[in-house]
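# Residue-level structural notes
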Amino acid sequence: MDNKKLAQLLFPEVTKTPEYYEKLYPERNLPEGARVTRFAPSPTGYLHIGGLFASLVAALTAKKSGGVFYLRIEDTDKKREVKGGIQGIIDGLNYFGIEIDEGRISETEDRGDYAPYRQSERKEIYQCFAKMLVEQGMAYACFCTEEELEQIRAAQANEPIKGYYGKYAKSRNLTYEEIEQNLKLGKPWTLRFKSEGDIERKIIFTDFIKGKIEMSENVLDVVLLKQDGIPTYHFAHCVDDHLMRTTHIVRGDEWIASVPVHIQLFKACGFKVPKYAHIAPIMKEEKNEQGEVTGKRKLSKRKDPEAAVSYYAEVGFPAESVTEYLLTLANSNFEDWRRANPDLPAADFPFNLKKMSASGALFDLVKLNDVSKNVISKFSAEKVYNNVLEWASENDAHFAELLKRDKAFAKEMFAIDRGGKKPRKDIAKWSEVKDYYSYFFKETYENDYALPENIAAEDAVKILEEYGKVYSADDDKDAWFSKIKALCEPLGFTPNVKEYKKNPDSFKGHVGDVSTVIRIAVTGRRNTPDLYAIMRLLGEKEVLSRLKTMIEKLA
Ligand code: GLU
């Protein structure tokens, strides 16, 4: 068979040559060791936490080596495409601070020299390389109908290898004339790869994450171009990763099974085989009704709201918290590094692809909450204010109004117990803030005036009455606390906690109990950030009124 003639018959409209594209998309001019990685999602729905994780890992791999991370949209399957899917992915990456050095940057725009970065705009390129494979006798037109393929499937029911290969690959042996005739009759055709693989032979490759992997060669004549001339994922990604000069393919490990086909395709096209890093999926512990752990499973779109990255913005986890948490899943030494470097930005962490766990990391919302409390505790009041306002503007208009009513007040509220060596760590997400600070706004303030069991109502009343007489909004913190301590003895309490512990029966309680009563009167809580700062911010009038109200309630 004259392959050149056949290639011309199948692809008469392809005029460009592979050399043309090799020149158009030359090797990148990057320093030695720089890695080029990509995130290559299909716009088939929302951004999944696994996709975010993979892109974080890919972006860090590129960044740490002085390389390039790019976004390529793999939209060859139009049936599964979702409207707005591309923008959703880009917005998701932007929200989490994952910088796209190059690639698709909006539904319609690209940035970078290897454009277009959307597969549906690259049809001509794939066709050119498809033609090249036909010329080299490595691909052929397959005219099998859906019914014929169905018959093959039925015939293979008890065979170990299923698919189009060997004696089943009828179209492999068509003559030029038969092909020409079929084309004349307008029969639809796909382009198939002519696999030279042997099931007895192994391919061996070293995956950055999984280590050495040995698999049988691929024997199937996989489809390269579908009947409409659009490539399959296998073929498109191979052409793209070559022409976009990807050095490291970082992706989910559901693709490991396809590596034999991919390596075969890279080689058949004369491309250098890139390095692979396959990431295990993020897992979740499965629990029964009693809360006992019964097993592990993949995070599921259907069952777990936290599988969609939109969840984090909705409940108000700052992007920094989510990426910081994902780093704890990515490299187990991250937490040690963080303890040693509490104030460095996460971006300074020396991320190492080889330190990724080969098995699926467990996603733990409780841990995310802890990480987030730590992250938020380091934010400035200004940053907290801006973040909370942004979250509330989307999710809680009423709270947004309260925050905007007196900005200076709200910022001071967020400044309490913030900054300094030991900032308070109790906010994990913005949706908790309204409740957490509810006593600062009369619209949200609630108080049930419930006392701890060890404090009698009549003692509480006396504490509040006496305190009301000496309280002054002008006191500094020492004077403020001295006054609380001074209340103790005359009312049967002790200012000295140690003394109380030695002789608990000699006192009604200690200074902590006295301040608890005042705290409850002012905030309705037993536990709050710095009470002195809270009272300063609420102001004298409000504090006195709250003390008075509690006295009335208890009397
Ligand atoms: N488009 C593929 C997906 O959606 C990407 C696989 C790859 O990264 O090579 O999963």
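The present account deals with the structure reproduced in this document. (Residues numbered from 1 in each chain as written. Predicted model: local features only at pLDDT ≥ 70, side-chain atom pairs only at ≥ 80, totals over all residues. Heavy atoms only, no water.)

On to the side chain of Ser106. Relative to the helices and strands, Ser106 is located in the loop between β3 (102-104) and β4 (110-111). Take Ser106: its relative accessible area is 12%, and that puts it in the buried class. Excluding residues within four positions of it along the chain, Ser106 makes contact with Ile86, Gln87 and Ile90. (Helix = DSSP H or I, 4+ residues; strand = E, 2+ residues; numbered from the N terminus. Buried < 20%, exposed > 50% of the residue type's maximum accessible area, 1.4 Å probe, protein only. Contact = heavy atoms within 4.5 Å.)

An order of β5-β6-β9 is seen for the three strands of this open sheet, with the pairing classed as antiparallel. The sheet terminates laterally at β5 (139-142) and β9 (223-225), the two strands that pair on one side only. Taken pair by pair, the neighbouring strands of this sheet meet at an average axis angle of 45°, ignoring direction. Strand direction decides the pairing type here: β5 and strand β6 (residues 190-193), joined by four bridges, are antiparallel. Across the sheet, Ala139 pairs through a bridge with Phe193, a residue of β6. On top of the sheet, helix α5 (residues 123-135) reaches β5, β6 and β9; it is set at about 130° to β9, its chief contact. (Pairing = 2+ DSSP bridges. Axes fitted to C-alpha atoms, helices over the stretch in contact; angles between N-to-C directions.)

Counted by the stated rule, this structure contains zero disulfides. As a non-bridged cysteine, Cys128 has Cys269 as the owner of its nearest cysteine sulfur, 10 Å distant. Residue Cys238 stays outside any disulfide, its sulfur separated by 4.5 Å from that of Cys269, the closest cysteine. (Disulfide = S-S within 2.5 Å.)

The next thing to look at is the packing of aromatic side chains. All told, the structure shown has 31 aromatic pairs when counted by the stated rule. Ring centres of Phe11 and Trp189 lie 5.8 Å apart, and the angle between their planes is 75°; on these two criteria the pair is classed as edge-to-face. Placement of the pair is Phe11 in the loop between α1 (3-10) and α2 (18-24) and Trp189 in the loop between α7 (176-184) and β6, with a sequence separation of 178 residues. Of the two residues examined, Phe11 and Trp189, each falls in the buried class. Between Tyr467 and Tyr471, the aromatic rings sit 5.8 Å apart at their centres with planes inclined by 45°, giving tilted as the arrangement. For Tyr471, a relative accessible area of 9% translates into the label buried. Grouping aromatic residues by their ring pairs yields a cluster made of Tyr385, Phe399, Phe409, Phe414, Tyr436, Tyr437, Tyr439, Phe440 and Phe441. Stacked on the ring of Tyr114, the Lys or Arg Arg28 has its end atom at 4.1 Å from the ring centre. Taking NZ or CZ as reference, Arg192 lies 3.8 Å from the ring centre of Tyr164, over its face. (Phe/Tyr/Trp six-rings, centres within 6.5 Å; stacked < 30°, edge-to-face > 60°. Lys NZ or Arg CZ within 6 Å of the ring centre and 35° of its normal.)

A few words on the nonpolar core. By size, the foremost hydrophobic cluster in this structure holds 113 residues, and its most contacted members are Ile49, Tyr312, Leu403, Phe414, Phe440 and Ile518. Take this core: its biggest share by element is ten residues, from helix α3 (residues 49-64). Setting aside chain neighbours within four positions, we find Ile518 in contact with Ile463, Leu464, Tyr467, Ile484, Leu487, Leu531, Met535 and Leu547. (Core = buried A, V, L, I, M, F, W, Y, C linked by side-chain atoms within 4.5 Å.)

So, about the site of the ligand. As a matter of local geometry, the ligand sits amid Arg38, Ala40, Ser42, Glu74, Tyr233, Arg251 and Trp255. The separation between an oxygen atom of the ligand and a polar side-chain atom of Arg251 is 3.2 Å. Separating an oxygen atom of the ligand from a side-chain N or O atom of Trp255 is a distance of 3.3 Å. Across the complex, the protein chains shield 82% of the 290 Å² of accessible surface that the ligand would expose by itself. Its residues assigned to classes, the shell around the ligand shows three nonpolar, one polar and three charged. (Near = heavy atom within 4 Å. Polar contact = N/O pair within 3.5 Å; in protein donor to acceptor, adjacent residues only side chain to side chain. Areas by Shrake-Rupley, 256 points an atom, 1.4 Å probe, with all protein chains shown as cover. Nonpolar A, V, L, I, M, F, W, Y, C, P; charged D, E, K, R; others polar.)

The subject of this paragraph is the pattern of salt bridges. Applying the stated criterion to the full structure yields 44 salt bridges. Glu217 serves as the salt-bridge partner of Arg201, at 3.0 Å between the closest nitrogen and oxygen. One end of the pair, Arg201, is in the loop between β6 and β7 (202-207); the other, Glu217, is in the loop between β8 (211-216) and β9, and 16 residues separate them in sequence. By relative accessible area, which is 41% here, Arg201 ends up partly exposed. Overall, the relative accessible area of 17% leaves Glu217 in the buried class. Here Lys367 makes a salt bridge to Glu335, at a shortest N to O gap of 3.1 Å. Of this pair, Lys367 sits in helix α13 (residues 365-377) while Glu335 sits in helix α12 (residues 334-340), placing them 32 residues apart in sequence. Since its relative accessible area comes to 25%, Lys367 is described here as partly exposed. Salt bridges linked by common partners bring Arg38, Arg72, Glu74, Arg122, Asp240 and Asp241 together as one network. (Salt bridge = Lys/Arg side-chain N within 4 Å of Asp/Glu carboxyl O.)

Moving on: helix α22 (residues 531-538). By the criterion of burial, α22 is predominantly enclosed, with six of the eight residues buried. Three or more residues of α22 are buried, namely Leu531, Tyr532, Ile534, Met535, Leu537 and Leu538. Of the surrounding elements, those touching the buried residues of α22 are α16 (407-415), α18 (457-470), α19 (477-488), α21 (511-523) and α23 (540-554). Taking the backbone nitrogen of Tyr532 as reference, a side-chain oxygen 3.1 Å away marks Asp530 as the first, capping residue of α22. Of the residues one or two after α22, Gly539 is the one with positive phi, at around 90°.

Looking now at the packing of α1 against α5. For the pair α1 and α5, interaxial distance at closest approach is 7 Å and the crossing angle is 150°. Considered as vectors, α1 and α5 are oriented roughly antiparallel to each other. Every pair of crossing elements has a handedness; the one defined by α1 and α5 is right-handed. The segment α1 lies against α5, with Asn3, Lys4, Leu6, Ala7, Gln8 and Leu10 engaging Lys131, Val134 and Glu135. Looking at side-chain class alone, the contact of α1 with α5 contains four nonpolar, two polar and three charged residues. (Parallel < 35°, antiparallel > 145°, perpendicular 65-115°, else oblique. Left-handed = near helix turned anticlockwise from the far one by under 90°.)

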